[in-house]
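# Structural characterization, general
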Amino acid sequence: MGPERIRLTGITKAFGTLKANDHVDLTLHAGEIHALLGENGAGKSTLMKMLYGLLRPDAGEIRINGQPVTLPSPRAARAQGIGMVFQHFSLFEDFTALENIAIPLDGRIADAGLRAEVEAKARHFGLAIALDRPVHTLSAGERQRIEILRALMQEPQVLILDEPTSVLTPDEAEALFATLESLASAGAGILFISHKLEEVRRLCSRATILRGGKVVAETDPRAVSAAELAALMVGEGVLDLRPVADHALGEPMLHLDGLSVAPEGVHGVTLRDIHLTVRAGEVVAIAGVAGNGQSELYAAISGEGGRITAGQIRMAGQDVTRRDINSRRRLGAAFVPEARLGQATLPQGPLSENIILSWHATGSLGRWLLDTVRTGAVARRVIERFDVRTPSSDPQAVQLSGGNLQKYVVGREIERQPRLMVVDQPSWGVDARAATHIRQTLLDLAAAGAAVLVISQDLDEAMAMADRIAVMHGGYLSAARPVPALSRAEIGLLMTQGESPARGAA
Amino acid sequence: MEMLPFILATVFTAATPLLIAALGEHVTERAGVLNLGVEGMMIVGAATGFAAAVLTDSSVFGIIAGALAGMALSAVFALMVLVFATNQVATGLALTIMGLGLAGLIGQGFVGQPRAAIPPVQIPLLSEIPVLGKAIFTGDFVFFLSLGLIAFVAWGLNRTRFGLLLRAVGESHGSAHALGLPVKRIRLVAILFGGLLAGLAGAYLSLIYTRFWSPGMSAGRGWIALALVVFAGGHVWRLVLGAYLFGGITVAQLHAQAGAIGLPSQFLSALPYLMTIAALLFLSISGRKGAGAAGSLGQPFVPER
């Protein structure tokens, strides 16, 4: 291990009554890739913002290269050799890549001299970048390379990366790891924030784990299992799904028969000849890399969008191919879209009003005037039954955290007692505790006799929940296979190469 | 043909205040601040400039005083918008109302007093060129200053580090703050620059264009300047083109009125304003509404602590 780059001692930061960081200690050495692990809201980003001069700690000491420092601004932090790659990119959309790189460099403009330096740096680290294109035309991976290159131009001794791989393809992530390893071997200290445990175990030699603003452990991630790391992050026992009792499967509730859908918009995926059956009491998951037609499939099943060019959708035995979402709801279907705010809920509306969004199709909410007593009662029942943590008795949807809002949306649909539940990305951006709660809720729903279809990019989630998994690739859906007989390698192959459509019957 | 240099010169005179005010607002909006108080800053510049010129018997001093008065009013706007993070639209409208009232007060004792013209500047040799020489290379010093300002703004925004940072702050103040740029300080400079130019444009109106003061004499030119900035969509050359186009229409309608072409004079006087609406409508219909505007235009900036 090289010399000590950073030592944080007793760092404390409170927002109102919430202690985001509570006496956090952390040490980073030169040449080290150090993981900062924790759930959403554990205080990782707050800690890093203090190290980058964006927030001021209430108490505690920051030492850089042994010297105590105060960091009143990001400029001061950069002057101390600290660079940061943000989770939500801090790029300027209408500017070219080169201009974006010039902005934080004191005294520089986007001229030929800077271009030469940037190109040299990019070659050295093998980062391919089109410097003259406006950022809004670039992919997520390209944008991140700009952010990294921008940080590298300042010759940082310490580089902070906040969940850098969440937007990358596996290949792009591998390329990033190679860059980080070469940086570390050149003497930089790297702080790597993530909650992808396998990635951390592959890349990092040390890990500091935060829970509820406190350091709960510092460990070598390669010496412990991913399950042990997960348990440290979320506390004991909350990650396990309770197995449901054996139950018989009933009638087919959802049946897609040779469904082909033309997409809306220019960037959509065309769905081709999709066959799928979900029976009552069964959980079926659709896995796949994002952007392979899952959104289009959800829209077609819910009746929200897409032009059906061939095939049939049947729900509860009836042909609903040409029917709208409300008549599908009246047949016992319930839908949870991917976007919690804006699609599943009205952000500014209180939870009691948001009940109406799906309940109006089937519930009696008043004939002429809205029955606010009833909507309020339904909202309270959802909040109690599904453990929705709210800041007040009837808050606006936007005031809830992602996990609690998702619990509310799922709960709102389950309160309608659906016979078919279709959920798009049930735990996207939700902390582990809420995710487990939502998954358990859906399993219980299936055990009670409903058909459940889950569309998920999280393979662990699909494996944990589903009786059968089908994989989406390039607008085709593979046959749904029983989970116990299915290996990860097999699913991985289906995700990247798909399956010949001729075999597609389930 | 003898009329042509004279007509061209009047076009430039009519266009110059629009151009100067619009250049200032262009810079302010590039920094992400929407200041709808241009009309107010302009009229205060006109009143203060005229009053100062009469009191000191110096039109040059009057022009400087007018510009500073516009800047002082923009400092009030900056205080509200940057420190108290008020709504920029409401604050800008209030600034215009306040400016109109304040100008009436300042100019109270000066209504109807005439001022002599500032002697024109003649560029040696170039002013001897037939037609163009008298139109372009002979004029008041503020006209030449406005040409310099075009180059200064275009070069400053696109070729200097400060221009890069100013545009970055306007594009996304969140990203700019995350990178440690002094968002508020940069915006303060942009707002003050906008106020300085609006005041200068106002002083030009009362001391060079009309050469007398009367309340409400800015007559909506501040709003036309704002429309020009929208029309320009972030390009200085389009702003210049638009300003001279409007100057041309203003002069054309004057000549049309004199020439009695049979249209009511009220309609002809309304022509520049109708053109403003037509230009904005055209931008809207062609689907370019808001295109080229700075990304965080009009949004208050409140950093977390």
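Sequence order as written defines the numbering, with residues in each chain counted from 1. Chains carry letters from A onward and ligands carry numbers from 1 onward, assigned in written order. Whole-chain, interface and lining totals are the exception, using all residues; otherwise, since this is a predicted model, local features are given only for residues with pLDDT of at least 70 and side-chain atom pairs are given and counted only at 80 or more.

## Points about the overall build of chain A
- Elements are defined by DSSP. Helices are runs of H or I of four residues or more, strands are runs of E of two residues or more, and each kind is numbered from the N terminus. Scanning chain A from N- to C-terminus turns up 17 helices and 21 strands.
- Here the radius of gyration uses the C-alpha set of atoms, whereas the globule reference equals 2.2 Å times the residue count to the power 0.38. Taken against the 2.2 N^0.38 rule, which gives 23 Å for 506 residues, the C-alpha radius of gyration of chain A at 25 Å falls within 12% of a compact globule.
- Each of the 506 residues in chain A was classed as buried or not, and the buried ones make up 42%. Buried residues are those with 20 or more other C-beta atoms within 10 Å of their own C-beta, exposed residues have 12 or fewer, and partly exposed residues lie in between; C-beta atoms are placed from the backbone.

## Observations regarding the environment of A:Ser352
Residues and elements named next belong to chain A.
- Within the element layout of this structure, serine 352 appears in helix 11 (residues 351–354).
- On a C-alpha basis, the gap between serine 352 and leucine 276 in space is 35 Å, while along the polypeptide they are 76 residues apart.
- Beyond its immediate sequence surroundings of up to four residues, serine 352 is in contact with Thr372, Thr375, Gly376, Ala379 and Asp394. What counts as a contact here is a pair of residues whose C-beta atoms, placed from the backbone, lie within 7 Å.

## Digging into the nonpolar core
- A:Ile160 and B:Leu228 are the most contacted members of the largest nonpolar core, which has 153 residues in total.
- If you tally residues by element for this core, the top one is helix 9 (residues 183–209) of chain B, at 18 residues.
- Not counting chain neighbours up to four residues away, the residues in contact with A:Ile160 comprise A:Met48, A:Leu51, A:Tyr52, A:Ile82, A:Met84, A:Val85 and A:Leu191. Any set of buried Ala, Val, Leu, Ile, Met, Phe, Trp, Tyr and Cys residues joined through C-beta atoms within 7 Å is what this text calls a nonpolar core.

## Side note on the sheet that holds strand 1 (residues 4–15) of chain A
Residues and elements named next belong to chain A.
- For two strands to be treated as a pair, DSSP must find no fewer than two bridges joining them. Judged by pairing direction, the sheet is antiparallel, and its four strands sit side by side in the order 2-1-4-5 without closing on themselves. Each edge of the sheet is formed by a strand with only one pairing partner; in this case those strands are strand 2 (18–29) and strand 5 (67–69). Strand-to-strand twist across the sheet, computed as the mean angle between neighbouring axes with direction ignored, equals 25°.
- The pairing of strand 1 with strand 2 spans eight bridges and is antiparallel. Among the inter-strand pairings, isoleucine 11 is bridged to a residue of strand 2, identified as valine 24. Helix axes are fitted to C-alpha atoms over the stretch in contact, other axes to C-alpha atoms as well, and angles between N-to-C directions run from 0 to 180 degrees.

## A closer look at the pairing of strand 10 (residues 214–219) of chain A
Residues and elements named next belong to chain A.
- As paired strands, strand 9 (residues 206–211) and strand 10 are joined by five bridges and run antiparallel to one another. Within strand 10, the position partnered with leucine 210 by the bridge is valine 215.
- Connecting the antiparallel pair strand 9 and strand 10 is a turn made up of two residues, with glycine 212 showing a positive phi of about 55°.

## Re the environment of B:Leu254
- Assignment of secondary structure puts B:Leu254 in helix 11 (residues 236–258).
- Of the residues examined, B:Leu254 has 16 C-beta atoms within 10 Å and is grouped as partly exposed.

## Describing the interface of chain A and chain B
- Counting residues at the interface gives 20 residues for chain A and 12 residues for chain B.
- Listing elements by their share of the side of chain A that touches chain B, those giving two or more residues are helix 2 (74–79) and helix 3 (97–102) of chain A.
- Classifying every residue of the side of chain A that touches chain B gives 10 nonpolar, four polar and six charged. Under the scheme applied here, ten amino acids are nonpolar (Ala, Val, Leu, Ile, Met, Phe, Trp, Tyr, Cys and Pro), four are charged (Asp, Glu, Lys and Arg), and all others, including Gly, are polar.

## A few points about helix 6 (residues 141–159) of chain B
Residues and elements named next belong to chain B.
- A helix is expected to reach a length of 1.5 Å times the quantity of its residues less one. For helix 6, which comprises 19 residues, the first-to-last C-alpha distance of 26 Å matches the rise-based estimate of 27 Å (1.5 Å per residue) to within 8%.
- For helix 6, every residue scored as buried is listed here: Val142, Phe143, Ser146 and Val153. Buried residues along helix 6 cover an arc of 100° about the axis, so they all sit on one side. Across from the buried face of helix 6, at angles greater than 90 degrees, the exposed residues are Gly148, Ala151, Trp155 and Arg159. Think of the arc as the fan of directions from the helix axis to the C-beta atoms.

## Notes on the confidence of the model for chain A
- What pLDDT reports is the predictor's confidence in each residue, on a scale of 0 through 100. Residues with a pLDDT of 70 or more make up 94% of chain A, whose mean pLDDT is 86.
- Note that pLDDT drops below 50 for residues 501–506 of chain A; the model gives that stretch 16 contacts with residues more than four away or on any other chain.

## A few points about helix 12 (residues 265–285) of chain B
- A rise of 1.5 Å per residue sets the reference length of helix 12 of chain B, with its 21 residues, at 30 Å; its end C-alpha atoms lie 29 Å apart and thus fit the reference within 8%.
- A residue's bend is simply the angle between two axes: one fitted to the seven residues ending at it, one to the seven starting at it. Of all the bends in helix 12 of chain B, the largest measures some 45° and sits at B:Leu271, one to four residues before the proline B:Pro272.

## So, the packing of helix 10 (residues 221–232) of chain B against helix 12 of chain B
Residues and elements named next belong to chain B.
- It is the contact of helix 10 with helix 12, at a shortest axis distance of 10 Å, that shows an interaxial angle of 25°. With respect to helix 12, the element helix 10 is oriented roughly parallel. Handedness of the crossing formed by helix 10 with helix 12: left-handed. Facing helix 10, whose interface residues are Ile224, Ala227, Val230 and Phe231, helix 12 presents Pro272, Thr276, Ala279, Leu280 and Leu283. Here is the rule for angles: anything less than 35 degrees is roughly parallel, anything more than 145 is roughly antiparallel, 65 through 115 is roughly perpendicular, and the remaining ranges are oblique. Two helices that cross are described as forming a left-handed crossing if the nearer one is turned anticlockwise from the farther one by less than a right angle, and a right-handed crossing if clockwise.

## Some points on the sheet that holds strand 12 (residues 271–279) of chain A
Residues and elements named next belong to chain A.
- In space, the four strands of this open sheet follow the order 12-11-14-15, with antiparallel pairing throughout. Edge positions in the sheet fall to strand 12 and strand 15 (318–319), since each of these pairs with one other strand and no more.
- In this structure, strand 14 (residues 307–315) lies alongside strand 15, joined through two bridges in antiparallel fashion. Among the inter-strand pairings, arginine 314 is bridged to a residue of strand 15, identified as aspartate 319.

## Notes on unusual backbone geometry
Residue and element names in this part refer to chain A.
- Positioned with a positive phi, histidine 23 is a non-glycine residue whose angle comes to about 50°.
- With respect to the secondary-structure elements, histidine 23 resides in strand 2.
- On the basis of neighbour counts, which here come to 14 C-beta atoms within 10 Å, the residue histidine 23 falls in the partly exposed class.

## Details of the pairing of strand 13 (residues 283–287) of chain A
Residue and element names in this part refer to chain A.
- Buried residues dominate strand 13, accounting for five of its five residues.
- On strand 13, burial covers both faces: Val283, Ala285 and Ala287 on one face and Val284 and Ile286 on the other are all buried.
- Sheet analysis places strand 13 next to strand 18 (residues 451–455), joined by four bridges and oriented parallel. Directly across from valine 283, in strand 18, lies its bridge partner valine 452.

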